[in-house]
Amino acid sequence: MAEAALDDVFIDDITFPATDGYQLGATLFLPRGAKRHAVLINSATATPRRIYKGFAGYLARRGCAVLTYDYRGTGDSRQKAMVGYNQLKPLVGFKATMSDWAALDAAAAVAWMRERYKTLPLNYVGHSFGGQALGLLPNNSEISRALFIAAQAGYWKLMASPERYRVYAMLNFVGLPLTKLLGYAPGWSGLGQDLPKGVFEQWVGWVMSERYLFTDPKLPGLSNFENYKGALRALCLADDPWATRPAVGLLCSGFSAIEPEILTVTPADAGVGKIGHFGFFRPEHRDTLWRGAAEWIQA
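This section reports on the structure supplied with the text. (Residues numbered from 1 in each chain as written. Predicted model: local features only at pLDDT ≥ 70, side-chain atom pairs only at ≥ 80, totals over all residues. Heavy atoms only, no water.)

1. Description of the packing of helix H2 (residues 98–116) against helix H5 (residues 197–207)
Where H2 contacts H5, the axes come no closer than 7 Å and their chain directions differ by 110 degrees. In terms of their interaxial angle, H2 and H5 are classed as roughly perpendicular. Residues Met98, Ser99 and Trp101 of H2 form the contact with H5, whose participating residues are Val199, Gln202, Trp203 and Trp206. Taken together, the residues of the contact of H2 with H5 break down into five nonpolar, two polar and no charged. (Axes fitted to C-alpha atoms, helices over the stretch in contact; angles between N-to-C directions. Helix = DSSP H or I, 4+ residues; strand = E, 2+ residues; numbered from the N terminus. Parallel < 35°, antiparallel > 145°, perpendicular 65-115°, else oblique. Contact = heavy atoms within 4.5 Å. Nonpolar A, V, L, I, M, F, W, Y, C, P; charged D, E, K, R; others polar.)

2. Thoughts on the environment of Tyr212
In this structure, Tyr212 sits in the loop between H5 and strand E9 (231–237). Relative accessible area serves as the criterion here: at 2%, Tyr212 is assigned to the buried category. A sequence separation of 203 residues divides Tyr212 from Val9, and the C-alpha atoms of the two residues are 39 Å apart. When near neighbours in sequence (up to four residues on either side) are disregarded, Tyr212 contacts Gln132, Gln152, Ala153, Gly154, Tyr155, Trp203, Trp206 and Val207. (Buried < 20%, exposed > 50% of the residue type's maximum accessible area, 1.4 Å probe, protein only.)

3. Regarding the packing of aromatic side chains
Under the counting rule described, the total for this entry stands at 24 aromatic pairs. Aromatic pair Phe16 and Trp112: ring centres 6.0 Å apart, planes at 35 degrees, arrangement tilted. Here Phe16, found in strand E1 (residues 9–17), pairs with Trp112, found in helix H2; they are 96 residues apart in sequence, far enough to count as distant. By relative accessible area, which is 1% here, Phe16 ends up buried. (Phe/Tyr/Trp six-rings, centres within 6.5 Å; stacked < 30°, edge-to-face > 60°.)

4. Here we look at H5
Taken as a whole, H5 has its buried residues at Val199, Phe200, Gln202, Trp203, Val204, Trp206 and Val207. Those residues of H5 that are buried are in contact with H2, helix H3 (129–136), helix H4 (163–182), strand E7 (184–185) and strand E8 (195–196).

5. Concerning the pattern of salt bridges
Note on pairing: side chains with opposite charge can pair once their charged atoms come close. Overall, the coordinates contain twelve salt bridges when judged by the stated rule. For Asp8, the salt bridge identified is with Arg61, shortest N-O distance 3.3 Å. Residue Asp8 is located in the segment before E1, and its partner Arg61 is located in helix H1 (residues 53–61); the two are separated by 53 residues in the primary sequence. Arg61 sits in the partly exposed class, given a relative accessible area of 45%. For Arg72, the salt bridge identified is with Asp105, shortest N-O distance 2.7 Å. Of this pair, Arg72 sits in the loop between strand E4 (64–69) and H2 while Asp105 sits in helix H2; the two residues are 33 residues apart in sequence, bridging distant segments of the chain. Look at Asp105 and you get buried, because its relative accessible area is 0%. Beyond isolated ion pairs, a larger network of salt bridges with shared partners links Asp13, Arg49, Asp70 and Asp76. (Salt bridge = Lys/Arg side-chain N within 4 Å of Asp/Glu carboxyl O.)

6. Points about a nonpolar patch on the surface
Taken together, the side chains of Tyr168, Phe173 and Val174 define a hydrophobic patch exposed on the protein surface, amounting to about 280 Å² of accessible area. You can see Phe173 is positioned in helix H4. (Patch = residues over 30% accessible without salt bridge, like charges linked within 9 Å, V, L, I, M, F, W, Y side chains within 5 Å. Areas by Shrake-Rupley, 256 points an atom, 1.4 Å probe, with all protein chains shown as cover.)

7. Focus on the side chain of Gln202
For Gln202, the location among the structural elements is in helix H5. Ignoring any residue separated from it by four or fewer positions in sequence, one finds Gln202 in contact with Thr97, Met98, Ser99, Asp216 and Leu219.

8. Here's the deal with the pairing of strand E5 (residues 122–127)
The buried count for E5 comes to six of six residues, which makes it a mostly enclosed element. Neither face of E5 is left uncovered, since the one carrying Leu122, Tyr124 and Gly126 and the one carrying Asn123, Val125 and His127 both have all their residues buried. Where strand E3 (residues 37–42) meets E5, five bridges bridge the pair, whose relative direction is parallel. Paired with Asn42 across the bridge in E5 is Gly126. Examined bridge by bridge, E5 and strand E6 (residues 145–149) share five bridges and lie parallel to one another. When the bridges of E6 are listed, Val125 appears paired with Leu147. Following the chain from E5 across H3 to the adjacent parallel E6, one finds a crossover that is right-handed. (Pairing = 2+ DSSP bridges. Right-handed = clockwise from strand over helix to strand, strands pointing away.)

9. Digging into the sheet that holds E6
The strand order across the open sheet built from eight strands is E1-E2-E4-E3-E5-E6-E9-E10, with neighbouring strands paired in mixed fashion. Two strands bound the open sheet, and with one partner strand each, they are E1 and strand E10 (261–265). With strand direction ignored, the average angle separating the axes of adjacent strands in the sheet is 20 degrees. Judged from the four bridges that link them, strand E2 (residues 23–31) and E4 form a sheet pairing that is antiparallel. By the bridge assignment for E4, Phe29 is matched with Val66.

Written out as structure tokens, the structure reads:
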């Protein structure tokens with residue numbers, strides 16, 4: 001059903017350059033009719049952009065030009081090896097951090113959409129890390145409206161119990177030792193996707209800090225949080241053990257120039273048994289969660 005619903009949407013896999021020239025894999029979704037809004041969807045950590053295909057297509061059908069993309073070192077933004085058919089280049093020695101994902105990749109995606117769709121309102125969807133990235137962007141003032149979905153300041157003690165203890169153990173006793181041994185964080189350790197060493201180590205540092213990224217002394221982009229002055233709505237999914245209400249609130253508190261709106265959504269609100277951290281993007285929510293999100297984005 002999800003694929004059939006995309007029949008009347010133009011979908012084009014493309015690449016565009018990050019701020020430093022690194023080529024990023026992306027997909028552009030375009031309506032067949034008039035374009036009324038531009039929307040940039042920014043991924044969660046270790047999450048390929050294909051997860052957002054259904055939601056992106058839904059927005060395109062409603063008149064939005066939508067871009068999804070992969071951060072450097074992940075998905076189609078991971079370099080291919082010189083030998084072998086479609087083999088991925090090892091991540092050992094690949095230099096990237098989470099702050100690079102924001103300052104070099106997400107910032108370039110904003111600039112690319114702003115340049116391409118000069119006359120349209122530019123709106124931002126941030127899932128998990130994608131929401132965190134908005135505050136770090138040097139050009140976040142280009143964004144008119146931002147919708148956060150399960151976006152949080154991911155301090156481990158703000159996660160629901162017992163998930164907080166599983167995350168603490170996985171990151172410190174499995175993830176970090178493997179990353180030091182192998183030179184990258186392997187997806188099979190529980191992450192889902194391989195991650196560059198610098199990304200994983202910076203992420204773990206934030207997760208172990210009481211105020212998450214807000215106390216990182218090596219993060220100059222923190223001053224950009226106060227530059228965002230657009231509308232901000234954050235959806236807190238009640239059964240998400242990671243982006244709990246306190247964690248969502250902590251992230252939103254960083255946007256000091258505005259008053260973010262935080263909405264708690266329960267599975268019952270959507271007529272389902274569970275949603276969780278990733279469930280919002282399942283096609284079953286087309287007529288409930290997706291419709292409400294789209295109406296707010298296009299308001």
